[in-house]
Each structure stands twice: as C-alpha cells, then as structure tokens.
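# Breakdown of the fold
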Amino acid sequence: MTEWLSSSIRNTTPRAQIEMERYQTAANTIRAAGVEPRRGEEAYIRDRTYGQGDHSQMNTISALIEELKNDDCDVRWHAARALRWTKDARAIDALMRALKDVDCNVRWSAAESLVIIGDAAVKPLVTALRDADTDVRWRAAWALGRLKDTAAVDALLDALGDNDPDIRWRAAWALGQIGDVRVVDRLTRALEDSYSNVRWSAAEALGAISDEQAVEPLVRLLNNHREQTIIRLVAADSLGKIGAPQAEAALEAVILQDEFAPIHETARNALERIKKRE
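Structural notes, computed from the coordinates. Since the structure is predicted, the reported quantities are computational estimates derived from the model, not experimental observations.

## Thoughts on the packing of aromatic side chains
Geometry of an aromatic ring pair is reported as the spacing of the ring centres plus the angle between the planes. What the rule picks out here adds up to 2 aromatic pairs. Ring centres 5.4 Å apart and planes at 70° place the aromatic pair Trp108 and Trp138 in the edge-to-face group. Here Trp108, found in helix H7 (residues 104-117), pairs with Trp138, found in helix H9 (residues 134-147); they are 30 residues apart in sequence, far enough to count as distant. Its relative accessible area of 29% is what places Trp108 among the partly exposed residues. Centroid distance Trp108 to Trp142: 4.9 Å. Interplanar angle 90°. Geometry classified as edge-to-face. One end of the pair, Trp108, is in helix H7; the other, Trp142, is in helix H9, and 34 residues separate them in sequence. An aromatic cluster is defined as three or more aromatic residues linked by ring pairs; in this entry it consists of Trp108, Trp138 and Trp142. A cation sits over an aromatic face here: Arg139 above Trp108, 4.9 Å from the ring centre. For Arg170, the ring lying beneath its charged end belongs to Trp138, and the centroid distance is 3.8 Å.

Thresholds, definitions, all that
Residues numbered from 1 in each chain as written. Predicted model: local features only at pLDDT ≥ 70, side-chain atom pairs only at ≥ 80, totals over all residues. Heavy atoms only, no water. Phe/Tyr/Trp six-rings, centres within 6.5 Å; stacked < 30°, edge-to-face > 60°. Helix = DSSP H or I, 4+ residues; strand = E, 2+ residues; numbered from the N terminus. Buried < 20%, exposed > 50% of the residue type's maximum accessible area, 1.4 Å probe, protein only. Lys NZ or Arg CZ within 6 Å of the ring centre and 35° of its normal.

Below is the structure:
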C-alpha cells in the first residue's frame, strides 16, 4: 500500500496529495497497532476511494460512506472496514448507522472501525447505549470498553441496570477495561446478578481494576460452593491480581480446604502471583 500511495502522491494535485498523505498516515498508525488489511483489501480501498480517474475529484470519505448503502452486504462490509483506515471523524455518523445493518458482519466491522477512529466516537457511542435496539447497545458497550475513555463511565454504570443481561455483562466488562475505581461498588453489587455472565464479567472487571474494596465480596464469591465453577475460578484469579493481605489469606484457606482440583490449582496460581510481587 505504501508504494502505491507514494507513487500516486507524486502524480496528483495538492488537494489529492493531502488526502492520500492523511490516508497513508492513518494506515501506518493502524498497522502500528497490529491491525492489517485482509487479503485483497488494499486493492479494494484503493479502487473504491480513489478510482481510476482524476484523484482530485474523488472524496475518500464520501465514496466509502456511499458504499455503506450498497445492496451487497460484502460491499458494505468492505466499506465499513475501509473507513477505519481513514481514521476520520466524518465517518462516525455513517458507521453508527451501520451498527443497525441487517448483516452481523457489517455491524461488527462498523463497531471495530469506530474503535479505531478513536476519541471522537465516544460521545455517539455513549448515546447509542440508550438505543432501542439491543444489538446496537451491546456493540456500543463493547466499543466503549475498547476505547477505555472515562467519559463513558456514567453511561456504562447506567447500562449495568439494563433489562437485557447481555447489555449488563458487556457493560461490566467495559468498566473493567476502563479501570476507574469509582465503579467498584456497583461492580461488587453486580456479583449478585441473577445472570451468570454478569457475575462472571463483574468478577473479572474487579480483578482488572485491582482495588482492595473488592476483596471481601470476591472472597465470598470464591467460597460460595453453590456458584458456578468458572465464576469461582475468576474470583480466585481476580484476588490474585488485587493481592491484599485478606485476599492472600482467603486463597491460602482455599488451598488447604477445597479439594476440587480446578479451584485448588487456580487459587495456588493466584497466591503465587501475589508472593512474586512481595
């Protein structure tokens, strides 16, 4: 892609040069983050955004946004992916609309592109947490977790009370990704949610935040033999991440008293993690 852009820039008008240099910068930024275009995507982006004629007459963003209206879902999917390479806030409104596309691959591609575009997408995604469409709400929660912007915290806390458990567990996950200690109390309450995935995500999020306020509720969760095994394992792992004295004592007790191999082993590994930090 870089060679094609360099050649094109040398042979185009100043306006087109600015557009393509911006595109090249964005492409390099995304590559540095470990994201590579899929096979054939470079040619797709080149042909769809700059065409075969006078580059100065082409509008990269507008061309791709127009492709999001195409009847072919593969075309819409490619367009949603290509817009991330521009890293241009002008694409946000169209990508937000694409979160409601009938094709799930287009919806995912749009969500991923909003994450890569970055900070400018936070406010629209926060608004999307109140959308009537459940699919839009949970993808917005996922994207906000990836963006890790504290401006989304209040809205995600509201989402913890959503009627749909799929929204609640993704909101809990997102709050853990952001890592703001202000949410610890709400996440500890989520450990008692009736839906197991919410409890799982809340326990995991508390480990990611690693605040000592979470130790006591996580210990209760770990020692609850009626709880699902996977959630008890997550609680043990999160206690190992927090590493407070109370967490250490609880893990030692589990190692001595709990003969269930997965719990015993996870508690032992978590305790070793704490001792390595001492």
